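Each chain is listed here by its residues.
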Amino acid sequence: MKKKFCVLLMLVVCYLSVYGKHTTVVVSLDGFRWDYPSMYSTPMLDYMAEHGVESGLIPSFPSKTFPNHYTLATGLYPDHHGIIANSFYDTETKEHFSLKNTEQKMNPKYYGGEPIWITAKKQGLKTAVFYWPGSDVNIQGMYPDVYYEYDKKPRLTFKERMDGVLEQLRKSENERPELIMAYMNEPDKSGHKYGPHSVQTRQAVMKVDSLIKYLYEGIQFLGLANEVNLIVLSDHGMTWVYETHVVDVTKYLEKNWFESVEGNTPANIYAKKGCAKKILKALQNVDHVRVWMKEDVPEYLHYGKNSRVGDVVVMPDVGYVIYDDKIEAGGTHGYDPNLQDMHAIFRAVGPDVYHLQTPHFPNVNIYSLICKLLGIVPAPNDGTLPFEVKSK
């Protein structure tokens, strides 16, 4: 028995040593809608589509940045990992989570699940992460081997982040991270301000595409084309909202009915005791919104079981937002993930991926995919392997 175990252990070590030699690089382009390559010039992403995997990602609800980046990292729906929106009210602690509140944003208690950089580290792999949401938080008492605090300024420029990835790849084979991740907040920033169909967003799309090309050419120059799997993806899409498309739900409610209203697509309403049904009734016939008790949110949205979700969830129609003041016309997201405008980009190229086109798939599957490429055992998650990769 002991001899058989030793042989099995040697086979496992041999498998991991071969499989783990390849590095997986994941770059997120925030707000990069799945169809931007058909709207604007993206020669690098087109090249990746021609030589690797071409698809799109169906975001998790709500289709917002922070919940979806943490979903990409953990393979869990926001309802399961706890970051249920960019801002929310914690009914247990009576505290408000907000991206603008550094103390709350950096508090590990909000972050459930196991991010891929921790899964990798637990199994002996090295990791380097550039600004990925959640990577600068002390989750399970761990950080990536290399990471950057997002709120610490000046931040690295986009080019410096790509240079940082290449610097990690230049390390010796024994020191090189098996997992490298990087985040860029374009074209989301331009899409919000100018909308998805604008000169400025076109320029932002072309800029990040050129940076992916710069990274890819750097990988070739280092002679690592057969050792690096490059994944480019996004968290969500973008759609247009007119300045007049505002729904102020608070004007239909008595102030003593609720503790807080958080978010705009959707809005989570945290009711005072005994007032949830009053809120639901008051909003049921309001134009341009759908409203549910949290326990009645449609099952396909995978939302409403977490204690941080509001007692009443209000979803505006696409192209509308929930707000109690004036807004400027521009782009936004957060809507039903099934809406095509909310879908995100996915491209992958490298020695372990086939050349194929595949239908858009849920972004909870990304965690399983990365684990497969790294040859590690995934933690419990909501995803599955979205497509086959090459085996050694």
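To start, this report covers the structure provided alongside it. The structure presented is a predicted model; accordingly, all values stated were derived computationally and were not measured.

The rules behind these values
- Residues numbered from 1 in each chain as written.
- Predicted model: local features only at pLDDT ≥ 70, side-chain atom pairs only at ≥ 80, totals over all residues.
- Heavy atoms only, no water.
- Helix = DSSP H or I, 4+ residues; strand = E, 2+ residues; numbered from the N terminus.
- Phe/Tyr/Trp six-rings, centres within 6.5 Å; stacked < 30°, edge-to-face > 60°.
- Buried < 20%, exposed > 50% of the residue type's maximum accessible area, 1.4 Å probe, protein only.
- Lys NZ or Arg CZ within 6 Å of the ring centre and 35° of its normal.
- Lys, Arg positive; Asp, Glu negative; His and termini not counted.
- Salt bridge = Lys/Arg side-chain N within 4 Å of Asp/Glu carboxyl O.
- Axes fitted to C-alpha atoms, helices over the stretch in contact; angles between N-to-C directions.
- Parallel < 35°, antiparallel > 145°, perpendicular 65-115°, else oblique.
- Left-handed = near helix turned anticlockwise from the far one by under 90°.
- Contact = heavy atoms within 4.5 Å.
- Polar contact = N/O pair within 3.5 Å; in protein donor to acceptor, adjacent residues only side chain to side chain.
- Arc of directions from axis to C-beta.
- Core = buried A, V, L, I, M, F, W, Y, C linked by side-chain atoms within 4.5 Å.
- Nonpolar A, V, L, I, M, F, W, Y, C, P; charged D, E, K, R; others polar.

**Considerations on unusual backbone geometry**
In terms of backbone geometry, most residues other than glycine have negative phi values and most peptide bonds are trans.
Now for step 1: Put simply, Glu186 and Pro187 share a cis peptide bond, and its omega is 10°.
Now for step 2: Turning to its location among the elements, Pro187 is positioned in the loop between β6 (179–184) and α9 (188–194).
Now for step 3: Cis geometry is found at the peptide bond from Thr265 to Pro266, where omega equals 5°.
Now for step 4: Looking at the secondary structure, you find Pro266 in the loop between β10 (258–262) and β11 (267–271).
Now for step 5: A positive phi is found at His288, a non-glycine position, where the angle reads about 70°.

**Some thoughts on the packing of aromatic side chains**
To describe a pair of aromatic rings, one takes the distance between the centres and the angle between the planes.
Now for step 1: Across all of its chains, the model carries 20 aromatic pairs by this definition.
Now for step 2: An angle of 50° between the planes, with centres 5.7 Å apart, marks the rings of Tyr36 and Tyr40 as tilted.
Now for step 3: Judged by centre distance (5.1 Å) and plane angle (65°), the ring pair of Phe97 and Tyr110 falls under edge-to-face. Of this pair, Phe97 sits in strand β4 (residues 95–98) while Tyr110 sits in the loop between α6 (102–105) and α7 (116–122), and the two are 13 residues apart along the sequence.
Now for step 4: Residue Phe97 is classed as buried on the basis of its relative accessible area of 1%.
Now for step 5: The exposure class of Tyr110 is buried, given its relative accessible area of 0%.
Now for step 6: Put simply, the rings of Phe66, Tyr70, Phe88, Phe97, Tyr110 and Tyr111 pair up and form one aromatic cluster.
Now for step 7: Residue placement shows Arg155 over the ring face of Tyr150; its charged tip is 3.8 Å from the ring centre.

**Quick notes on the side chain of Asp209**
Now for step 1: Looking at the secondary structure, you find Asp209 in helix α10 (residues 199–221).
Now for step 2: Look at Asp209: it is buried, it has no salt bridge, and the nearest opposite charge is Lys213 at 7.6 Å.

**Section: the packing of helix α8 (residues 158–169) against α10**
Now for step 1: α10 packs onto α8 with a crossing angle of 20° between their chain directions and a minimal axis gap of 10 Å. The orientation of α8 relative to α10 falls into the category roughly parallel. The element α8 and its partner α10 pack so that their crossing is right-handed. Every residue of α10 that contacts α8 at Phe158, Lys159, Met162, Asp163, Val165, Leu166 and Leu169 is listed here: Lys207, Leu211, Tyr214, Leu215, Gly218 and Ile219.

**Digging into the pattern of salt bridges**
Now for step 1: In total, this model carries 14 salt bridges according to the counting rule given.
Now for step 2: A salt bridge links Arg308 to Asp90, with the nearest nitrogen and oxygen atoms 3.6 Å apart. A residue pair is termed long-range when its members are at least 10 positions apart, and Arg308 in the loop between β12 (289–293) and β13 (312–316) and Asp90 in strand β3 (residues 87–90) qualify at 218 residues. The two residues Arg308 and Asp90 agree in class, both being buried.
Now for step 3: The shortest N-O distance in the salt bridge between Lys109 and Glu95 comes to 2.7 Å. Placement of Lys109 in the loop between α6 and α7 and of Glu95 in strand β4 is noted, with a sequence separation of 14 residues between them.
Now for step 4: The exposure class of Glu95 is partly exposed, given its relative accessible area of 29%.
Now for step 5: Via salt bridges that share partners, Arg33, Asp35 and Asp341 belong to a single interconnected network.

**Some words on the side chain of Glu262**
Now for step 1: Inspection of the secondary structure assignment puts Glu262 in strand β10.
Now for step 2: Despite its burial, Glu262 pairs with no opposite charge; the closest candidate is Lys100, at 10 Å N-O.
Now for step 3: Among the polar contacts listed, one links the side chain of Glu262 to the side chain of His96, at a separation of 2.8 Å.
Now for step 4: Residues within four places of Glu262 in sequence aside, it is in contact with Ser87, Phe88, Tyr89, His96, Ala267, Asn268 and Tyr270.

**A look at helix α11 (residues 276–283)**
Now for step 1: Taken together, the buried positions of α11 are Ala276, Ile279, Leu280 and Leu283. Projected onto a plane normal to the axis of α11, the buried residues spread over an arc of 100° and lie on a single side. Opposite its buried face, α11 presents the exposed residues Lys277 and Lys281, each directed more than 90 degrees away.
Now for step 2: Each element contacted by the buried residues of α11 is listed here: β10, β11, β12 and β13.

**Points about the nonpolar core**
Now for step 1: In terms of nonpolar packing, the biggest core is built from 57 residues, with Tyr111, Ile116, Trp132, Leu233, Phe346 and Ile366 touching the most fellow members.
Now for step 2: Examining the composition of this core, we find that seven residues originate from one element, helix α12 (residues 365–374), more than from any other.
Now for step 3: Beyond its immediate sequence surroundings of up to four residues, Leu233 is in contact with Val26, Val27, Ser28, Leu29, Leu57, Leu72, Trp132, Ile345, Phe346 and Ile366.
Now for step 4: Val27, Ala128, Val208 and Val228 belong to the second largest nonpolar core, which has 33 residues in total.

**Quick word on the packing of helix α3 (residues 43–51) against α10**
Now for step 1: Contact pair α3 / α10: the axes reach a minimum separation of 7 Å and the direction vectors enclose 60°. Compared by their axis directions, α3 and α10 come out oblique. Listed contacts from α10 to Pro43, Met44, Leu45, Tyr47 and Met48 of α3 are Asp209, Ile212, Lys213 and Tyr216.
Now for step 2: Classifying every residue of the contact of α3 with α10 gives seven nonpolar, no polar and two charged.

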